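Here's the letter readout for the chains.
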Amino acid sequence: MTELVSYEPATGAVLWRGVTSDVDAAVSAARAAWPNWAAAPLSDRIAKVRSFGSRVKADLEIFADCIARETGKPLWEARNEVESVVNKVDISVKAYADRTSQRRFDGKPGTRNAVRHKPHGVLAVLGPYNFPAHLPNGHIVPALIAGNAIVFKPSEKTPAVGEMLVEYFRKAGIPDGVVNIVQGGPDTGKALSGHPGLDGLLFTGSAQTGIALNRQFASRPDKILALEMGGNNPVIVWDTHDMHSAAVLVVQSAFLSAGQRCTAARRLIIKQSLYDQFIPELKRLVDRLVIDEPHAEVPPFMGPVIDNEAADGLTESFLALMSHGGRPIRHMTRPQPERPFLSPGIIDVTNMRERPDIELFGPLLQVIRVETFGEAIDEANNTRFGLSASLIGGTPEQYNEFWANSRAGVVNWNQPTNGASSAAPFGGVGLSGNHRPSAYYAADYCAFPVVSSEADVPRAMIGIGLRDDMVAFSDDSAVESAK
């Protein structure tokens, strides 16, 4: 077994130590526990999940502190994440009743038809580091309500939060083996995703990993695969008189969570005539943002990115954009070379011959100037991704045009690109997902429909295609005489 160590990105202090897990043992435990869990009454499963939510709520500050320390996000944001974990329970109970409810309807005379749903079996859940409790929990809770058993692998960058999340399920009385955790790096993830004992896998993370999983599952149509990946999300700023509010919405879109949200705006598409008025307002607001460690006395707007490797990659990406024709509006800086704090970077890439269509997962915003609204929509769709898009300003008619022509799963007006409601479906198209939206629609991929035609007693006859009894008797007699 290999030792794993988790460090606090803001301080470098060791937060957690552990070892890699035995994937075979975890899957075997889940397979053994699943039949009894699936057979338990739905009301019992819901009661256990509600107990989980109550225990998390009681420990909100403890859990939030762990999330803040391990991710580096501000404590206020970590508290919001824990509240999302708690709220997911009621949302998932309602979604299961709504999306997978039992239905009965009349069939042929003397019969009835029914539609019910069954769990898949043992599902793997691969979680990300940016919302290490909320996002995997968004898979686990609806999967448990549906009657599945879980093998959860948290990101190797946030193992402590993953361990704490699973411990709350255990404390809630979820039977042994129903929720399992495996710790480890990419090799552990590959061993889990390829395990023959799985009936499916639910993933939130990068497009690169999601594409690899899609290829791995291509020959297994019998297994459910739900992919929620990232985005190269556009935010369009068009005709508006309130430049400050527009700047606030762009900052929230691009720089909340230090830009480490799959729905974060990566590209600001702005009307050329607004550029000279809007960009200074945006810069003034960004210059005021407090960037500090999670527990700072003055609550920060954002903390560090997850680790030095991520910070190095983002600063290198900013320099690469500059070297290929990008014009810096606000330089990305690294105030503490030994720690992954970054100041937001803003760069005009309008004149770049080829813009990289990748998800730069951090506080880096690319600006593109256009002349017409049609060009703005074309530029917004100039990506292989399709998760989130937002229009700030414009008329109702322009928003209708934007909505109709945007290729994205989340399309907003005068709202940030991020912060989607858990009471709605969440997912994207292209490299952002495989048409398995999560959040409220997670119930859809946690169980499969079974249709039944039923009657209380067997009563049947064949009304056509049979010979008459006497003809059949005569034929049989003739055969006997010939012998």
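Computed from a prediction, not measured in an experiment: that's the story for all the values here. The written sequence of each chain sets the order in which its residues are numbered from 1. Where totals are concerned, whole chains, interfaces and linings use all residues; where local detail is concerned, this predicted model gives features only for residues with pLDDT of at least 70, and gives and counts side-chain atom pairs only at 80 or more. By convention in this description, side-chain values take in all heavy atoms of the structure and omit both hydrogens and water.

Colleague: Which residues make up the overall build of the protein, and what values go with them?
Modeller: Strands here are runs of E lasting at least two residues and helices are runs of H or I lasting at least four, both read from the DSSP assignment and numbered beginning at the N terminus. Within the protein, the regular secondary structure consists of 15 helices and 19 strands. Seen along its three principal axes, the alpha-carbon backbone of the protein occupies a region of about 105 × 55 × 40 Å. Taken across its 483 residues, the protein has 55% of its residues classed as buried. Of the contacts made within the protein by residues no fewer than 6 positions apart, 71% connect residues no fewer than 24 positions apart. Each residue's exposure class comes from its accessible area (1.4 Å probe, protein chains only) as a fraction of the maximum for that residue type: buried when under 20%, exposed when over 50%, partly exposed otherwise. Contact definition: two residues touch when any of their heavy atoms are within 4.5 Å.

Colleague: How would you sum up the side chain of Arg261? Please name residues and give values.
Modeller: Within the secondary structure layout, Arg261 lies in the loop between helix 9 (243-255) and strand 11 (265-271). Judged by relative accessible area, which is 15%, Arg261 ranks as buried. In this view, Arg261 contacts Glu77, Asn130, Phe131, Leu256, Arg266, Glu359, Phe361, Asn418 and Gly419; residues no more than four positions away in its chain are not counted.

Colleague: Give me the side chain of Thr350: which residues, what numbers.
Modeller: Tracing the backbone through its elements, the reader meets Thr350 in the loop between strand 13 (345-348) and strand 14 (364-370). According to the relative accessible area criterion, Thr350 is buried, its value standing at 16%. At 2.7 Å, the side chain of Thr350 forms a polar contact with the side chain of Asp348. When residues no more than four places from it in sequence are discounted, the contact partners of Thr350 are Arg355, Val367, Ile368 and Arg369. Any pair of nitrogen or oxygen atoms within 3.5 Å is treated as a polar contact; in protein, a donor-acceptor pairing is required on top of that, and neighbouring residues in sequence qualify only through side-chain atoms on both sides.

Colleague: Outline helix 8 (residues 207-216), listing residues and values.
Modeller: When helix 8 is considered as a whole, its buried residues turn out to be Ala207, Gly210 and Leu213. Along helix 8, the residues classed as buried sweep out an arc of 120° about the axis, all on the same side. Opposite the packed face of helix 8, turned more than 90 degrees from it, sit the exposed residues Gln208 and Arg215. Of the surrounding elements, those touching the buried residues of helix 8 are strand 5 (122-126), helix 7 (186-193), strand 8 (200-204) and strand 9 (224-228). In this context, the arc is that of the directions from the helix axis out to the C-beta atoms.

Colleague: How would you sum up the nonpolar core? Please name residues and give values.
Modeller: Working definition of a nonpolar core: buried Ala, Val, Leu, Ile, Met, Phe, Trp, Tyr and Cys residues. They are joined through side-chain atoms within 4.5 Å. In this structure, Val250, Phe255, Leu268, Phe278, Leu282 and Phe402 are the most contacted members of the largest nonpolar core, which totals 60 residues. Considering each element in turn, this core owes the most residues, eight residues, to helix 9. When neighbours within four sequence positions are excluded, Leu268 is seen to be in contact with Val235, Val237, Val250, Phe278, Ile279, Leu282, Leu365, Gln366, Val367 and Ile368. Among the nonpolar cores identified, the runner-up in size contains 51 residues, and Leu123, Val125, Ile140 and Leu165 belong to it.

Colleague: Break down the sheet that holds strand 6 (residues 149-153) for me, citing the residues and quoting the values.
Modeller: Within a sheet, each strand pairs with its neighbour through backbone hydrogen bonds, oriented either parallel or antiparallel. Two strands are said to pair when DSSP picks up at least two bridges between them. Taken in spatial order, the five strands make up an open sheet running 7-6-5-8-9, and their pairing is parallel. The open sheet has two free edges, formed respectively by strand 7 (179-181) and strand 9, since each of these has just one partner strand. For this sheet, the mean angle separating the axes of adjacent strands, direction not counted, is 15°. Pairing geometry for strand 6 and strand 7, over three bridges, is parallel. The residue of strand 7 that forms the bridge with Ile150 is Val179. Structural elements are reduced to axes, namely lines fitted to C-alpha atoms, with helices fitted over the stretch in contact, and the angle between N-to-C directions of any two is expressed from 0 to 180 degrees.

Colleague: Give me the pattern of salt bridges: which residues, what numbers.
Modeller: The salt bridge definition used is simple: a Lys or Arg side-chain nitrogen within 4 Å of an Asp or Glu carboxyl oxygen. Tallied over the full model, the rule gives 26 salt bridges. The salt bridge partner of Asp444 is Arg99, with a shortest N-O separation of 2.6 Å. In this pair, Asp444 is assigned in helix 14 (residues 442-446) and Arg99 in helix 4 (residues 75-99), connecting sequence segments 345 residues apart. A relative accessible area of 31% places Arg99 in the partly exposed class. The salt bridge involving Glu454 is made with Arg112; its shortest N-O contact spans 3.4 Å. Residue Glu454 is found in strand 19 (residues 447-454), and its partner Arg112 is found in strand 4 (residues 112-119); the two are separated by 342 residues along the sequence. Since its relative accessible area comes to 17%, Glu454 is described here as buried. Judged by its relative accessible area of 29%, Arg112 falls in the partly exposed class. Ionic contacts of the salt-bridge type, sharing partners, join the residues Arg104, Arg112, Arg116, Glu454 and Asp456 into one network.

Colleague: Explain the environment of Glu309 to me, using residue names and the numbers behind them.
Modeller: Considering the arrangement of structural elements, one finds Glu309 in helix 11 (residues 308-323). Judged by relative accessible area, which is 62%, Glu309 ranks as exposed. Each C-alpha atom of the pair Glu309 and Asn232 lies 21 Å from the other, and the pair is 77 residues apart in sequence.

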